[in-house]
Amino acid sequence: MHLAYPAVLSALLFCTGLYGVLARRNAILVLMSVELMLNAVNLNLVAFDVWLSRAARDTLHSGQALTLFTIAIAAAEIGIGLAIVLAVYRNRGTSDIDKLRDTAEGPEASGPGAAGPGTPAAEKAEATA
């Protein structure tokens, strides 16, 4: 089998995952898209490892070893990520990324002229008082 087939499949998987990260608003779907991107990298690592092992018979199969480490890191990442998403969902009631970004700013920052602490408008109000 040629190296081009898994490389093209890996590129398609990575582009699909990238689209999912950029277009989705649900935090769980973003995590799934990141996993898809990591799987594309794993496919590339194994494909290049097999391709290089055909050229030299005495290889260490480092691509497969890196794939095992990537799978372990991905499992830890998805466990911690899901725990964070569940904690945020319990506290805020939503896992929508745009709504979470809006609630992180607080109720004072409602517009460009908002006088929050440390802003130039707040310092001007303190200087005139």
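Anyway, here's the lowdown on the structure attached to this text. All figures in this text were calculated on a predicted structure; none of them were measured in a lab. (Residues numbered from 1 in each chain as written. Predicted model: local features only at pLDDT ≥ 70, side-chain atom pairs only at ≥ 80, totals over all residues. Heavy atoms only, no water.)

## Remarks on a nonpolar patch on the surface
A surface patch of nonpolar side chains, amounting to about 340 Å² of accessible area, comprises F14, L18, L22 and V41. Checked against the element boundaries, L18 lands in helix 1 (residues 4-23). Judged by relative accessible area, which is 36%, L18 ranks as partly exposed. (Patch = residues over 30% accessible without salt bridge, like charges linked within 9 Å, V, L, I, M, F, W, Y side chains within 5 Å. Areas by Shrake-Rupley, 256 points an atom, 1.4 Å probe, with all protein chains shown as cover. Salt bridge = Lys/Arg side-chain N within 4 Å of Asp/Glu carboxyl O. Helix = DSSP H or I, 4+ residues; strand = E, 2+ residues; numbered from the N terminus. Buried < 20%, exposed > 50% of the residue type's maximum accessible area, 1.4 Å probe, protein only.)

## Comments concerning the packing of aromatic side chains
The tally for this structure, following the rule as stated, stands at one aromatic pair. Arranged with centres 6.2 Å apart and planes meeting at 85°, the rings of F48 and W51 form a pair that is edge-to-face. Here F48 and its partner W51 are both found in helix 2 (residues 27-55), three residues apart, which amounts to about one turn of the helix. Overall, the relative accessible area of 34% leaves F48 in the partly exposed class. Relative accessible area serves as the criterion here: at 47%, W51 is assigned to the partly exposed category. (Phe/Tyr/Trp six-rings, centres within 6.5 Å; stacked < 30°, edge-to-face > 60°.)

Any link to function would need more than the numbers given here.
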